Amino acid sequence: MVGTEAATTPAIRVAVGSAEHDRANGVLEAAREAATDVHIVETGPTGAAALAPVVLATADDRTAVHANVSPDRARELVETLEAGDVPTDDAHAVAESDEGISMPKTGPLAAGQRHVLARCGWAAPAALDESLAERARDEPEDLFEAVAGAGLLGRGRGDGHTDESIAEGWETARRSDGETVVVVNGNESDPAVGGDRLLLESRPAEVLDGALAVAAAVEATDVVVYLNEDDDLAAQRVREAVENVDAGGTEIDVVAGPDRYIAGEMTMALEAMEGADRLEARLRPPGPSEVGLYGRPTVVHTPRTLAQVRAFAAAPDEFETSAADPGSRLLTVTGDGVTGPTTVELATDTALAEAVADGEEYKMACVGGRFGGITRSLDVPASAPALAGARLGTEGGIELFDGATCALEFAGARAKFAREANCGRCVPCREGSKQLVELLRDVYDGNFQPSELRELSRVVAESSTCEFGQAAPRPVTTAMDAFEREIAAHAEGRCPSGVCTETN
Ligand code: SF4
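Residues numbered from 1 in each chain as written. Predicted model: local features only at pLDDT ≥ 70, side-chain atom pairs only at ≥ 80, totals over all residues. Heavy atoms only, no water.

A.B. asks: Please give an account of the site of the ligand that cites residues and values.
C.D. replies: Close to the ligand lie 13 residues; C423, C426, C429, C466 and G469 are nearest. Here the shell around the ligand is built from residues that sort into seven nonpolar, five polar and one charged. (Near = heavy atom within 4 Å. Nonpolar A, V, L, I, M, F, W, Y, C, P; charged D, E, K, R; others polar.)

Encoded structure:
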């Protein structure tokens, strides 16, 4: 398939993602109409929404990366390439490569590293350069032992082993009774986190290949891909990839669940997959590795985890296996001053600040998705232990907020979300989130009680059944850590940011 060919082949690649779908499709159509000789390749998105629609014009190991391309400009790019020249005029970047993939060395596409993301924007979504699942089927113990030895950790809140050794979950599933199933939990449902959607739209073949490799390692009979019902493009591309990968007899199903934050939680995802009308988290133990989908041993991984497993299987020497959290983390940067969501990949020993473009100023950042931690500084490595030590979340999101953001108002909004979106199953989360909102509300009435807020947060975090409640108080406690004086000022009738009208 052309999408996987080297950078020597003259080709125009048009990156089409859901965020820029109609515009990018117009560009793709124009390029196809104009082309007679050069290949036109529809790829998935690059991860940098601000640059979309992106067109890559490649020949002779040179690639001109063009951003915000119109259909007319696409025709010109095709004509120039057909005339034998790489169209570098007005290019966002020009990249040289003798390694098969040319991507820029500056700008959002150059932030951090691009290993897991290497082919996003470059290869056709269903294209696969090498089946690592096939290798795993030949030698399943090799993959199992290598992953266990390296200590790879799960990625993302919807994973069965978030920030924990995934091989332990595999071992549990292998020991449990019943036919094991692998679930790809791709229902992210958090607008501030886009790593899974990016992988599903851009590299579904690699995600599936990773899932099939895991299936071989845990002796699973089938793989079920669980998506968000609103992610139409991801669903289409996953289905195309299903047709293209060599499943080696493993069944693959694609199903969808509701576009709700809780539907991404591991056990509520299983409930949705089983057709439950009302989503409630399951009590554990036993966890899904023992009793999961329809009672079967179930290995649940996010696309991010599976892409990481595949990257490790492809090039284990590139992983620092002595590290507490080997590999990389996908981080989506959004918020004030960010032109469009940008998903980048950082090695886990790299500071989060590397994900943020020069000139993007911020007063505070929320790291870790909807219930991430508030911080003034992004000088924190992207590894799970470092993020936990800084009381930030490991879910791959960095939201930036400028000086017009009030830390109290922000913490209150996240507490209200917890109150409104929880599944209602357990008291600490259901009632605790209501009390958190009320205690934060009291601040405006002159009654700021930091120790009560902290104690309530501790109880909710430690007693809640699922990760939703366990993480829900984090925006509140970390906002107090970083902005306690600003929050206290509200009790004196002042909002230092000038945001809270009740006090101004
Ligand atoms: S922690 Fe919240 S979301 Fe999870 S089971 Fe309890 S009420 Fe439901």
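A.B. asks: Hey, could you go over the sheet that holds strand β14 (residues 397-401) for me, with residue numbers and the actual values?
C.D. replies: With respect to topology, five strands assemble into an open sheet ordered β11-β10-β14-β12-β13, the strand pairing being mixed. What marks the edges here is a single partner per strand, and that holds for β11 (342-347) and β13 (373-375). Sheet twist, expressed as the average angle between the axes of neighbouring strands with direction ignored, equals 25°. Relative to β11, strand β10 (residues 328-335) runs antiparallel, the two sharing six bridges. When the bridges of β11 are listed, S328 appears paired with A347. On top of the sheet, helix α16 (residues 474-491) reaches β12 (364-367) and β13; it is set at about 15° to β13, its chief contact. (Pairing = 2+ DSSP bridges. Helix = DSSP H or I, 4+ residues; strand = E, 2+ residues; numbered from the N terminus. Axes fitted to C-alpha atoms, helices over the stretch in contact; angles between N-to-C directions. Contact = heavy atoms within 4.5 Å.)

A.B. asks: Describe in detail the sheet that holds strand β9 (residues 298-301), supporting the description with residues and values.
C.D. replies: With respect to topology, four strands assemble into an open sheet ordered β8-β7-β6-β9, the strand pairing being parallel. Since the sheet does not close on itself, it has two edges, and those belong to β8 (251-257) and β9, each with one partner. Averaged over all pairs of adjacent strands, the angle between their axes in this sheet comes to 20°, without regard to strand direction.

A.B. asks: Quick rundown of unusual backbone geometry? Include the residues and the values.
C.D. replies: Here R284 and P285 are connected by a cis peptide whose omega angle stands at 0°. Topologically, P285 is positioned in the loop between α9 (266-273) and β9. Residues P285 and P286 are joined by a peptide bond in cis, for which omega reads 0°. Its location among the elements puts P286 in the loop between α9 and β9.

A.B. asks: Run through helix α6 (residues 195-202), naming residues and quoting values.
C.D. replies: Residues spaced three or four apart along an α-helix face the same direction, because each turn holds 3.6 residues. Along α6, seven of the eight residues are buried, which leaves the element largely enclosed by surrounding structure. Among all positions of α6, only G195, D196, L198, L199, L200, E201 and S202 are buried. (Buried < 20%, exposed > 50% of the residue type's maximum accessible area, 1.4 Å probe, protein only.)

A.B. asks: For a negative patch on the surface, give the residues involved together with the corresponding values.
C.D. replies: Together, E134, D138, E139, D142 and E145 give the surface a local cluster of negative charge. Listed by contribution, the elements that provide at least two residues to the negative patch are α3 (132-138) and α4 (140-150). On the secondary structure map, D142 appears in helix α4. Look at D142 and you get partly exposed, because its relative accessible area is 47%. (Patch = residues over 30% accessible without salt bridge, like charges linked within 9 Å, V, L, I, M, F, W, Y side chains within 5 Å. Areas by Shrake-Rupley, 256 points an atom, 1.4 Å probe, with all protein chains shown as cover. Salt bridge = Lys/Arg side-chain N within 4 Å of Asp/Glu carboxyl O. Lys, Arg positive; Asp, Glu negative; His and termini not counted. Charge placed at Lys NZ, Arg CZ, Asp CG, Glu CD.)

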